[in-house]
Amino acid sequence: MAVALASVAATTRSILLRDTDQRINGLLAQEAGEFANFEEQGFDPETGRPFTDPGRLLRVFLERQYADLDEELIGLVGEKGSKPAQIIQQREIPVALPLHEDADARRRIYASPDSTGTLHRPQGDIRWAKVTVARYGGEPAAAFVVAFHPGREQARANEVFRVLLAISGVALLMTTGIAWVVAGRILKPVRLVRTTAAQLTEQDLTRRIPVHGHDDVAALAETFNAMLDRLERAFATQRRFVDDASHELRTPITIVRGHLELMGDDPAEREETVRLVTDELDRMSRIVEDLLLLAKAERPDFVTPEPVQLAELTADVYVKARTLGDRDWVLDGVADREARLDPQRITQAMVQLAQNAVQHTTAGQTIRIGSRADDTRVELYVADSGPGVQPQDAEVVFERFRRGTARRGVRGTGAGLGLSIVKAIAEGHGGRVALRTTEGGGATFVLTLD
């Protein structure tokens, strides 16, 4: 802005000086033209005849002219090599050294072969134009000189330039102050982003940036907060995985170590110990696989939706679930429409729900599998006729490592991750899983996909 304001002031000064030069040139040309015309066509008022005396010509012409304040009209008479005599108008010229008082300047102008020019002096420049008067018989030569002192005109242009610079300086200071305040307010969220980023640690990812307005800076803050949300979820998932793995694997590791330490030389005892150790290792493997699956659920590529026929998917789940146990399996109903979902993940969730139903029912009890849909959502469900879920367990059955308190008198042997996996698959599709009471007794787990 400083460069722009200075450029405006300098351009204005140049324009004013150019206009001054043009006005001076026009004035010099006008005065010289008037004298040349008077010399050619004028008559001596005393004789009524053309002028024969250059001095008389110059004196009569100057008596009839009205010069500007900074303008001098002078008649010079004499030989070019000599000091010319001058004929002037009697008036004050507001300059340090007028031309009619500067003999050396008059001599130089009179002797110059040019008809116009600029005379540079320490007291100020002079712009001049000259019209040489032809000889009249044996009379000496003469010249009409119009001189203009441009100092005051140039001073006015310089004064305008200084005023513009002063105004520009004040405007620059005011604009700088306003810009400082506005830029500070605009950049405050950016500084807050930098400060927040500097304060973030793996142990504290809870800080967020306040979002105000709907501009680009607010969008930056929202994006940064969204990034922090993803980081916090990632670190939370990592910590949960480590905590869950260390918590759940500690028991089988202890069992394996204890049996191996107490294992004797008896073949039967060794065989039983190997069986127990193998069983615990298999359980550990299942726990690790389930934890890895739950960790993958936080990734955006956890599910890969594609167009799927619900009727075909429901029938496939029913066929696969029938092999899980000796139950009265019923294909309760199918939705005859197409939906976008991940068939492998949905099959995995439904089979897990069917396995859960098998664990809470006995041989011969009914387990129904089905699907239904409307214009806005899709539901897939598994309903059993077992003892149902205790009210105190209904709120926690979908949490990790949480098992029901009573399951027909037998506590489950799983790690408590099955329903957590089902919940993760439902949420990966943007849906949810819900627990409902089966009519006539039992529990119904419903996957709702919007």
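Chains are numbered independently. Their residues run from 1 in the order of the written sequence. Note on the predicted model: pLDDT of at least 70 is required for a residue's local features to be given, and 80 or more for side-chain atom pairs to be given and counted; whole-chain, interface and lining totals, by contrast, use all residues. With hydrogens and water set aside, each side-chain value is computed from the structure's full complement of heavy atoms.

Draft legend 1. Structural context of the environment of glutamate 439. Along the chain, glutamate 439 falls in the loop between β11 (432-437) and β12 (443-449). For every residue, the accessible area (1.4 Å probe, protein chains only) is compared with the maximum for its type, and the residue is labelled buried under 20%, exposed over 50%, or partly exposed between those bounds. Of the residues examined, glutamate 439 reaches a relative accessible area of 80% and is grouped as exposed. C-alpha of glutamate 439 to C-alpha of histidine 100: the two residues are 339 residues apart in sequence and 126 Å apart in space. Strands here mean DSSP runs of E at least two residues long; helices mean DSSP runs of H or I at least four residues long; both are numbered from the N terminus.

Draft legend 2. Spatial organisation of the packing of aromatic side chains. Any two rings among Phe, Tyr and Trp, with Trp reduced to its six-membered ring, count as a pair given centres within 6.5 Å; such a pair is stacked if its planes are under 30 degrees apart, edge-to-face if over 60, and tilted if neither. As enumerated under the stated definition, the model contains 5 aromatic pairs in all. Between phenylalanine 35 and phenylalanine 61 the ring centres are 5.1 Å apart and the planes differ by 80°, which places this aromatic pair in the edge-to-face class. Here the residue phenylalanine 35 occupies a position in helix α1 (residues 2-41), and phenylalanine 61 occupies one in helix α2 (residues 54-63), the gap between them amounting to 26 residues. Considered together, phenylalanine 35 and phenylalanine 61 belong to a single accessibility category, that of buried residues. Measuring from centroid to centroid gives 4.5 Å for phenylalanine 35 and phenylalanine 144, while their planes differ by 15°, and the two rings are stacked. Note that phenylalanine 35 is positioned in helix α1 and phenylalanine 144 in strand β5 (residues 142-148), a separation of 109 residues in sequence. Like phenylalanine 144, phenylalanine 35 is buried. Feature note: the residues Phe35, Phe38, Phe51, Phe61 and Phe144 constitute an aromatic cluster, connected by ring pairs. A positively charged side chain is recorded as over a ring if its NZ (Lys) or CZ (Arg) lies within 6 Å of the ring centre. The angle to the ring normal must also be within 35 degrees. The side chain of arginine 13 reaches across the aromatic face of phenylalanine 161, ending 5.8 Å from its centre.

Draft legend 3. Region of interest: α2. Burial within α2 is extensive, with 8 of its 10 residues counted as buried. Of all the positions in α2, only Pro54, Gly55, Arg56, Leu57, Leu58, Val60, Phe61 and Leu62 are classed as buried. Residues count as neighbours in contact if any of their non-hydrogen atoms are within 4.5 Å of one another. Residues of α2 that are buried sit in contact with α1, β1 (71-77), β2 (85-88), β4 (126-133) and β5. By the N-cap criterion, in which a side-chain oxygen at the helix start approaches the backbone nitrogen of a residue two or three places on, α2 is capped by aspartate 53, the distance to glycine 55 being 3.1 Å. N or O atoms closer than or at 3.5 Å make up a polar contact, with two conditions inside protein: a donor-capable atom paired with an acceptor-capable one, and, for residues adjacent in sequence, both atoms drawn from side chains.

Draft legend 4. Structural context of the domain arrangement of the protein. Note that the domain bounds were set by an automatic or database domain assignment. Domain annotation for the protein reports domain 1 (1-158), domain 2 (216-296) and domain 3 (301-449). Here the C-alpha centre of domain 2 lies 106 Å away from the C-alpha centre of domain 1.

Draft legend 5. Seen up close, the packing of helix α8 (residues 343-359) against helix α9 (residues 418-428). Between the N-to-C directions of two axes lies an angle of 0 to 180 degrees, each axis being a line fitted to C-alpha atoms and, for a helix, fitted only over the stretch in contact. It is at 9 Å that the axes of α8 and α9 come closest, and there the two elements cross at 150°. With respect to α9, the element α8 is oriented roughly antiparallel. Pair α8 / α9 crosses with left-handed handedness. Residue-level contacts link Arg345, Ile346, Gln348, Ala349, Gln352, Leu353 and Asn356 of α8 to Gly418, Leu419, Ile421, Val422 and Ile425 of α9. Between 65 and 115 degrees an angle is taken as roughly perpendicular, under 35 as roughly parallel, over 145 as roughly antiparallel, and anywhere else as oblique. Working rule for handedness: look at the near helix, and if it is turned counterclockwise from the far one by less than a right angle, call the crossing left-handed; if clockwise, right-handed.

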